[in-house]
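Reading the structure
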Amino acid sequence: MASSLPNRFLIAAFGGAYIWIGVKHFTNTAWFEPIVPTVLGDPSSWVLLTGFIEVFIGAGLLFPLTRAYAALTSVLFLLAVYWANLNMWVNDIPLDGTTYGNGWHVLRLLAQLGMILLSVHIYRSSPQL
């Protein structure tokens, strides 16, 4: 149940992490740009947009009234942005001059799936409006 102390802590940590990484999209835009698929056009715009969405989701998770909506948005968002991580994997795109092996990318995929499952759990355990 969402009201238990462990769940509240987990939700707060997840929301805080969303806000933190969203802010990083504004303070270090160039770091995220290489993995944006080129077909999408200007990577800076996409990095800023996704940063805004992440801050919005993170803030929404922190409040019971908006938590279910934020959790559902998180599921959809995580599914959509995995394209950038897949682009990084398939095209062997380096970040800060480092390319990552398949093992790292598999762990990243598992983390993404874990965050999706956590978002589903938060959605299901939150009051529905």
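Just so you know, the residues in each chain are numbered from 1, in the order the chain's sequence is written. In keeping with the predicted nature of the model, local features appear solely for residues at pLDDT of at least 70, side-chain atom pairs appear and are counted solely at 80 or more, and the whole-chain, interface and lining totals rest on all residues. Side-chain calculation: all heavy atoms of the structure are included, whereas hydrogens and water are not.

Considering the nonpolar core
The following threshold applies: Buried Ala, Val, Leu, Ile, Met, Phe, Trp, Tyr and Cys residues that are joined via side-chain atoms within 4.5 Å together make up what is termed a nonpolar core. Only protein chains enter the area calculation, which uses a 1.4 Å probe; residues under 20% of their type maximum are buried, those over 50% are exposed, and those in between are partly exposed. Secondary structure counts use DSSP, requiring at least four H or I residues in a row for a helix and at least two E residues in a row for a strand, with both numbered from the N terminus.
If you look at the biggest cluster of nonpolar residues, it comprises 13 residues, and the most contacted ones within it are Phe14, Tyr18, Ile57, Leu61 and Ile122. Those elements that provide at least two residues to this core are helix H1 (5–27), helix H3 (43–61), helix H4 (64–90) and helix H5 (102–125). Broken down by element, this core gets its largest block of residues, five residues, from H4. Counting five residues, the second largest nonpolar core, distinct from the first, contains Ile35, Ala84, Met88 and Leu95.

Thoughts on unusual backbone geometry
Although it is not a glycine, Asp92 adopts a positive phi angle of roughly 50°. Mapped onto the secondary structure, Asp92 falls in the loop between H4 and H5. Judged by its relative accessible area of 43%, Asp92 falls in the partly exposed class. Non-glycine residue Asp96 carries a positive phi angle of around 50°. Relative to the helices and strands, Asp96 resides in the loop between H4 and H5.

A word on the packing of H3 against H4
Selection rule: Note on geometry: axes are lines fitted to C-alpha atoms, helical ones only across the stretch in contact, with angles between N-to-C directions running from 0 to 180 degrees. For any pair of crossing helices, the crossing counts as left-handed if the nearer helix is rotated counterclockwise from the farther one by less than a right angle, and right-handed if it is rotated clockwise. Only heavy atoms matter for contacts: two residues are in contact if any of them lie within 4.5 Å across the pair. Put simply, Ala, Val, Leu, Ile, Met, Phe, Trp, Tyr, Cys and Pro go in the nonpolar bin, Asp, Glu, Lys and Arg in the charged bin, and everything else, Gly too, in the polar bin.
At a closest axis distance of 8 Å, the pairing of H3 and H4 adopts a crossing angle of 150°. Seen from above, H3 lies across H4 with left-handed handedness. Along its contact with H3, which presents Thr50, Ile53, Glu54, Ile57, Gly60 and Leu61, the element H4 presents Thr66, Arg67, Ala70, Ala71, Thr73, Ser74, Phe77 and Val81. Taken together, the residues of the contact of H3 with H4 sort by class into seven nonpolar, five polar and two charged.

With respect to the environment of Lys24
Here Lys24 is to be found in helix H1. Remark: the alpha-carbon pair of Lys24 and Ile122, spanning 98 residues in sequence, is separated by 24 Å. With sequence-adjacent residues up to four places away left out, Lys24 is seen in contact with Thr29 and Phe32.

So, H4
Every α-helix winds through 3.6 residues per turn, so residues three or four apart in the chain are directed the same way. Condition: Here a helix's expected span is defined as the number of its residues, less one, multiplied by 1.5 Å.
When the terminal C-alpha atoms of H4 are compared, their 39 Å separation across 27 residues agrees well with the 39 Å that a helix rising 1.5 Å per residue should span. Asp92, located one to two residues past H4, shows a positive phi value of around 50°.

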